[in-house]
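The lines below spell out each chain.
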Amino acid sequence: MDREKDAAGSVRAADKVMSLPALLENLACRRASGQRVVFTNGCFDIMHPGHIGYLEDARACGDCLVVGLNSDASVRRLKGEERPINPQTDRALMLAGLASVDCVTFFEDDTPIELIRAVRPEVLVKGGDWSVDKIVGSDFVFSCGGQVLSLPFRPGYSTTNIIEKIKALRDSRP
């Protein structure tokens, strides 16, 4: 779990972005010291205040927040050929720069189920637009004695709405 720290003693954002083997080693150390792991996932294509609040709420559910980030290919399959707007390395670095996020790792599949099985979080969370019974991995986490939460949704924030607003501005130009 030795990670480089900056002058203020904080872990550098780039050091929070990890391969799966490095993440699992990190989590083993955290669990050995009694930490409770929280997992969430998403595309996080264009960061907005809804994401920030959601990630802060997710982190408050435990001691270590792991974010599974959809790879670029995964985002394209889920959202269409025009997405993602930001490449996965940029999205990961932005997430890792947040104090609420402890670890970021990528997943290539359309769902994070294999990543969830590998991480074995004590707490699995998604935003309030997901009911607990529809959250991918909920059955697995429950079977391991974990907790699954659907956190309150913050209305008014949407990456899709931001993209549509930008397109409307572009289209309204003479």
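Keep in mind that what you see is a predicted model, and the values were worked out from it rather than measured.

Peer 1: Looking at this structure, how should I read the nonpolar core?
Peer 2: The tendency in soluble globular proteins is for nonpolar side chains to be buried as a group. By size, the foremost hydrophobic cluster in this structure holds 18 residues, and its most contacted members are Leu55, Val67, Val104 and Val125. Counting residues per element, the ones that place at least two in this core are α3 (49-59), β2 (64-70), α5 (88-96) and β4 (123-127). The residues contacting Leu55, other than those within four sequence positions of it, are Thr40, Phe44, Met47, Leu65, Val67, Leu95, Leu98, Ser100 and Val101. Listed in part, the 17 residues of the second largest apolar core include Leu23, Leu27, Val66 and Val141.

Peer 1: Just checking my understanding: could you explain the layout of surface pockets for this structure?
Peer 2: Empty space left among the atoms is revealed by rolling a probe the size of a water molecule over them. The calculated volume of the largest pocket comes to roughly 810 Å³. Taken together, 33 residues line the largest pocket, and the ones lying closest to its centre are Gly42, Lys79, Lys126, Asp129 and Trp130. Mapped onto the lining of the largest pocket, the elements with two or more residues apiece are β1 (37-42), α3, α4 (72-79), β4 and α8 (159-171). Class assignment for the residues of the lining of the largest pocket results in 14 nonpolar, 12 polar and 7 charged.

Peer 1: Before we go on, may I ask you to explain the sheet that holds strand β3 (residues 103-107) in this structure?
Peer 2: Two pairing modes exist for strands in a sheet, parallel and antiparallel, and in both the strands are linked by backbone hydrogen bonds. With parallel pairing, 5 strands are arranged side by side in an open sheet as β3-β2-β1-β4-β5. The sheet is open, and its two edges are formed by β3 and β5 (147-151), each paired on a single side. On average, adjacent strands in this sheet sit at an angle of 25° to one another, irrespective of strand direction. In terms of strand pairing, β4 meets β5 through 5 bridges, oriented parallel. What sits directly across from Val125, in β5, is Leu149. Where α3 meets the sheet, its contacts fall on β1, β2, β4 and β5, and the angle it forms with β2 comes to roughly 135°.

Peer 1: Please clarify how helix α2 (residues 20-32) should be interpreted in this entry.
Peer 2: Given 3.6 residues to a turn, an α-helix orients residues that are three or four positions apart in the same direction. An ideal rise of 1.5 Å per residue puts 18 Å on 13 residues; α2 measures up with 18 Å between its terminal C-alpha atoms. On its buried face, α2 is in contact with β1, β2, β3 and α6 (113-119).

Peer 1: Any chance you could explain the environment of Gly156 here in plain terms?
Peer 2: Tracing the sequence through the fold places Gly156 in the loop between β5 and α8. Judged by relative accessible area, Gly156 falls into the exposed class, the value being 72%. With 106 residues separating them in the primary sequence, Gly156 and Gly50 have C-alpha atoms 8.1 Å apart.

Peer 1: Quick question: what am I supposed to make of α8 here?
Peer 2: For α8, spanning 13 residues, the distance from its first C-alpha to its last is 18 Å, which sits close to the expected 18 Å at 1.5 Å a residue. The backbone nitrogen of Asn161 lies 3.1 Å from a side-chain oxygen of the residue at the head of α8, namely Ser158.

Peer 1: Help me out: how do you make sense of unusual backbone geometry in this one?
Peer 2: The general pattern is negative phi for most residues beyond glycine and trans for most peptide bonds. Residue Pro84 is bonded to the preceding Arg83 through a cis peptide linkage, with omega at 0°. Topologically, Pro84 is positioned in the loop between α4 and α5. Notably, Phe44 is not glycine yet its phi reads approximately 45°, a positive angle. Topologically, Phe44 is positioned in the loop between β1 and α3. On the basis of relative accessible area, Phe44 is assigned to the buried category, the value being 6%. For Arg120, which is not a glycine, the phi torsion comes out positive at approximately 50°. Considering the arrangement of structural elements, one finds Arg120 in the loop between α6 and β4. On the accessibility criterion, Arg120 (46% relative accessible area) is partly exposed.

The rules we used
- Counting starts from 1 at the beginning of each chain's written sequence and moves along it residue by residue.
- Per-residue local features of the predicted model are confined to residues with pLDDT of at least 70, and side-chain atom pairs are confined, for both listing and counting, to 80 or more; whole-chain, interface and lining totals are unaffected and use all residues.
- Side-chain metrics rest on all non-hydrogen atoms present in the structure, leaving aside hydrogens and water.
- Nonpolar core, defined: a set of buried Ala, Val, Leu, Ile, Met, Phe, Trp, Tyr and Cys residues in which side-chain atoms within 4.5 Å join the residues together.
- Only protein chains enter the calculation, and the probe is 1.4 Å; a residue is then buried if its accessible area is under 20% of its type maximum, exposed if over 50%, and partly exposed in between.
- Numbering of helices and strands runs from the N terminus, with a helix taken as a DSSP run of H or I at least four residues long and a strand as a DSSP run of E at least two residues long.
- Contacts: residue pairs with any heavy atoms within 4.5 Å of one another.
- In this analysis, the protein atoms alone were mapped onto a 1 Å grid. Cavities are point sets where a 1.4 Å probe fits without being able to get out; pockets are open sets with protein on both sides within 12 Å along at least five of seven lines; lining residues have an atom within 4 Å of a point.
- Grid points are joined across faces, edges and corners, and a volume is the space filled by probe spheres set on the points.
- Gly counts as polar in this scheme, as do all residues outside two lists: the nonpolar Ala, Val, Leu, Ile, Met, Phe, Trp, Tyr, Cys and Pro, and the charged Asp, Glu, Lys and Arg.
- DSSP-based pairing: two strands are paired if at least 2 bridges between them are found.
- Throughout, an axis means a line fitted to C-alpha atoms (over the contacting stretch in the case of helices), and angles, computed between N-to-C directions, take values from 0 to 180 degrees.
- A helix is expected to span 1.5 Å multiplied by its residue count minus one.
- Definition of a polar contact: a pair of N or O atoms within 3.5 Å, with one able to donate and the other able to accept a hydrogen when the atoms are protein atoms, and with sequence-neighbouring residues admitted only if both atoms are side-chain atoms.

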